[in-house]
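Each chain, written out:
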Amino acid sequence: MKIKNICCIGAGYVGGPTMAVIAQKCPEINVTVVDINENRIAAWNDEDVENIPIYEPGLSAVVKEARGRNLFFSTDVEAAIDSADMIFISVNTPTKTYGIGKGMAADLKFIELCARQIARVSKNDKIVVEKSTLPVRTAEALKNILDNTGNGVNYQILSNPEFLAEGTAVDDLMNPDRVLIGGDINTEVGNEAVQALVDIYAHWIPREKILTTNVWSSELSKLTANAFLAQRVSSINAMSELCEKTGADVNEVAKAVGMDSRIGQKFLKSSVGFGGSCFQKDILNLVYIAKSFGLNEVADYWHQVIIMNDHQKKRFASNIVKTLFNTVSGKKIAFLGWAFKKDTNDTRESSAIYVADYLLNEQAEIVVYDPKVKREQVYADLDYLNSRSEDENRQRVRVVNDPYEACKGSHAVAVLTEWDEFENYDWQKIYDDMLKPAFLFDGRKLLERKKKEEIGFEFYAIGS
Ligand code: UDX
Ligand code: UDX
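Along each chain, residue indices are assigned from 1 in the same order as the chain's sequence is written. Whichever chain is written first is A, and whichever ligand is written first is 1; the rest continue in order. Per-residue local features of the predicted model are confined to residues with pLDDT of at least 70, and side-chain atom pairs are confined, for both listing and counting, to 80 or more; whole-chain, interface and lining totals are unaffected and use all residues. Excluded from the side-chain calculation are hydrogens and water; included are all heavy atoms of the structure.

(A) Layout of the overall build of the protein. Note on conventions: DSSP H or I runs of at least 4 residues are helices, E runs of at least 2 residues are strands, and numbering of each starts at the N terminus. A tally of regular secondary structure across the protein gives 18 helices and 14 strands. Each radius of gyration is computed over the set of C-alpha atoms, and the globule rule expresses the reference value as 2.2 Å times the number of residues to the power 0.38. Relative to the globule expectation of 23 Å for 464 residues, the C-alpha radius of gyration of the protein, 24 Å, shows essentially globular dimensions. We call two residues in contact whenever any of their non-hydrogen atoms come within 4.5 Å of each other. The long-range fraction of contacts in the protein, counting pairs at least 24 apart against all pairs at least 6 apart in sequence, stands at 75%. Per-residue and other accessible areas were derived by the Shrake-Rupley procedure at a 1.4 Å probe size, with only the shown protein chains allowed to occlude residues. Put simply, the protein shows about 20,800 Å² of open surface, and 50% of that area lies on carbon and sulfur atoms. Note on charges: Lys and Arg go in the positive column, Asp and Glu in the negative column, and His and the chain ends are not counted at all. Positions of charges follow a simple convention, taking NZ of Lys, CZ of Arg, CG of Asp or CD of Glu. Averaging the coordinates of the 54 positive side-chain charges in the protein and doing the same for the 66 negative ones gives two points 2 Å apart.

(B) Quick look at the site of ligand 2. Distances are taken per atom, and a residue is near a molecule or strand as soon as one of its heavy atoms is within 4 Å of it. Ligand 2 sits among 20 residues. The nearest are Glu166, Lys269, Ser271, Lys341 and Arg444. Whenever two N or O atoms come within 3.5 Å, that pair is a polar contact, provided that in protein one can donate a hydrogen and the other can accept it, and provided that, for residues adjacent in sequence, both atoms are side-chain atoms. With respect to ligand 2, the backbone of Phe163 contributes an N or O atom lying 2.8 Å from an oxygen atom. In isolation ligand 2 exposes 670 Å². Once the protein is present, 91% of that is buried. Top contributing element to the shell around ligand 2 by residue count: helix α9 (residues 215-246), with four residues.

(C) Expanded view of the pattern of salt bridges. When a carboxyl oxygen of Asp or Glu is within 4 Å of a side-chain nitrogen of Lys or Arg, the pair counts as a salt bridge. All told, the structure shown has 26 salt bridges when counted by the stated rule. The salt bridge involving Lys143 is made with Asp147; its shortest N-O contact spans 3.1 Å. Placement of both Lys143 and Asp147 in helix α6 (residues 138-149) is noted, with a separation of four residues, approximately one turn of the helix. For every residue, the accessible area (1.4 Å probe, protein chains only) is compared with the maximum for its type, and the residue is labelled buried under 20%, exposed over 50%, or partly exposed between those bounds. Residue classification places Lys143 among the partly exposed positions, given a relative accessible area of 32%. Across the pair Asp383 and Arg394 runs a salt bridge, and its minimum N-O distance is 2.7 Å.

(D) View of empty space enclosed by the protein. Definitions used throughout: a 1 Å grid over protein atoms alone; a cavity as a set of points that fits a 1.4 Å probe which cannot get out; a pocket as an open set with protein on both sides within 12 Å along at least five of seven lines; a lining residue as one with an atom within 4 Å of a point. Grid points are joined across faces, edges and corners, and a volume is the space filled by probe spheres set on the points. Inspection of every chain in the model, using the stated rule, returns one cavity of 30 Å³ or more. For the largest cavity, the calculated volume is near 40 Å³. For the largest cavity, the full set of lining residues is Glu130, Ser132, Thr133, Leu134, Ser159, Asn160, Pro161, Glu219 and Lys222.

(E) Just the site of ligand 1, in detail. Around ligand 1, the surrounding shell holds 18 residues, and the nearest of these are Asp35, Arg40, Thr133, Lys281 and Arg348. Here an oxygen atom of ligand 1 and a side-chain polar atom of Asp35 are 2.5 Å apart. Interatomic distance of 2.7 Å between a side-chain N/O atom of Thr133 and an oxygen atom of ligand 1. Expressed as a share of its isolated accessible area of 690 Å², the protein-covered part of ligand 1 is 92%.

(F) Inspection of the packing of α9 against helix α11 (residues 279-292) at higher detail. The geometry of α9 relative to α11 is characterised by a closest axis approach of 9 Å and an angle of 115 degrees between their N-to-C directions. At the point where α9 passes α11, the crossing takes the left-handed sense. Between α9 and α11, the contacting residues are Leu220, Lys222, Leu223, Asn226, Ala227, Leu229 and Ala230 on the first element and Phe279, Asp282, Ile283, Asn285, Leu286 and Ile289 on the second. All amino acids are sorted into three groups, where Ala, Val, Leu, Ile, Met, Phe, Trp, Tyr, Cys and Pro are nonpolar, Asp, Glu, Lys and Arg are charged, and the leftover types, Gly among them, are polar. Grouping the constituent residues of the contact of α9 with α11 by class yields nine nonpolar, two polar and two charged. To obtain an axis, a line is fitted to C-alpha atoms, over the contacting stretch when the element is a helix, and the angle between two such axes runs from 0 to 180 degrees between their N-to-C directions. Here is the rule for handedness: rotate from the far helix to the near one, and if that takes an anticlockwise turn smaller than a right angle the crossing is left-handed, while a clockwise turn gives right-handed.

Pasting the structure below:
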């Protein structure tokens with residue numbers, strides 16, 4: 001089976017970059033990415049390729065090469081479904097904000113809407129690929145909808161979780177550690193479908209890195225990978241608090257521990273807490289699934305990773321208040337960074353949002369600078385919390401385009417994202433323009449303590 005036309009529903013952080021790389025590597029396949037969000041599609045089609053809606057190093061070059069050749073962005077979802085042999089579902093699956101499983105289960109309404117639309121439109125057999133991270137056994141639900149509401153055509157459902165991290169998405173897609181494809185491998189048609197997707201990735205990925213499993217293993221592997229990664233961050237963050245009390249330095253501990261090859265060096269960077277669209281959502285998902293099978297110990301075990309993360313954000317914020325003589329009311333605090341990590345404009349679940357919320361509740365004034373995040377996004381993130389009126393958010397929080405302006409006249413500066421450029425600033429100038437004593441809170445252990453203390457800063461860093 002040779003795939004000629006691919007459709008991807010959802011032109012977000014996952015669908016956009018993934019399809020751009022597939023199109024670049026498979027020039028003989030037409031790839032159409034569709035989305036119900038007209039502005040997003042318009043931005044993907046912007047004449048100036050630097051204006052595409054997602055910032056990822058290296059992405060604009062890939063889009064430039066393939067767009068208009070065999071990569072297309074469109075809002076005509078039905079036409080793209082109709083002509084595709086293979087459909088990727090890459091829509092968002094946020095944590096439910098209502099009803100049963102509120103605050104924990106994944107909201108699958110967008111997935112279901114996609115399935116119903118595919119069933120309505122399709123006139124020939126299709127392979128449907130789950131790209132969004134989904135709770136185990138979602139494929140079953142998808143198949144049920146497709147088979148029972150469709151026009152009698154046949155569907156094969158594959159699970160192909162993404163392991164790309166934002167900020168390194170293009171490199172992760174070009175050189176993945178592995179690609180995982182789950183399918184109905186016990187049947188001939190199921191195997192054919194799996195092979196069709198294997199053949200696509202084999203254009204640029206060595207076969208031995210392409211794993212095939214049954215669907216449930218694939219779905220669960222994605223949740224497991226993210227839970228293990230998040231657990232490492234929570235583990236080192238738990239140690240950071242102990243380091244602060246004992247005079248150990250968490251970076252030194254992380255280095256010493258990480259050199260044990262059984263442990264490894266990655267994901268041991270202490271921080272003000274992990275963010276991003278996946279870790280929290282996927283762990284909550286895992287917790288919910290475990291609970292629904294009555295596995296309370298399993299659920300509690302993983303839930304603790306989230307509890308630790310919430311504690312870390314709160315601890316960082318309350319430390320700012322304590323250090324500033326127990327009040328930040330009316331004080332100006334500059335935030336360097338708003339994105340959930342460097343090299344992305346994504347802010348979902350960013351620790352900065354929660355630290356800001358805590359400080360605003362203490363009546364602080366906040367000025368935000370982030371190299372890639374837009375002003376409207378900062379306000380949208382705060383409004384979403386519903387902690388105060390939209391007007392108040394706009395009165396008490398300012399977003400500026402210049403880091404020196406952000407810090408000028410402030411009582412304290414807090415580093416929330418590990419953007420490389422922060423260490424290279426003229427910190428003497430920043431210090432001179434601040435109120436004294438000038439406090440600097442490093443939530444990412446990014447800045448060199450000694451240099452900052454020599455300038456005169458009262459310096460606090462997570463984990464030392
Ligand atoms: C998504 C999921 O959030 C995540 O669970 C999964 O691991 C990868 O896919 P992401 O690509 O980062 O992540 O989401 P987002 O940037 O929000 O993009 C989803 C897009 O789907 C949005 O542009 C949205 O407009 C679109 N969408 C959503 C549709 O086109 N149709 C729908 O019915 C719902
Ligand atoms: C993650 C997974 O890495 C990826 O495989 C999956 O497909 C999606 O979820 P992402 O959320 O894009 O990717 O970013 P990641 O690099 O994993 O970082 C998540 C959060 O953890 C960030 O806030 C980051 O700053 C934080 N982090 C990461 C730490 O605090 N310390 C570390 O050592 C590593």
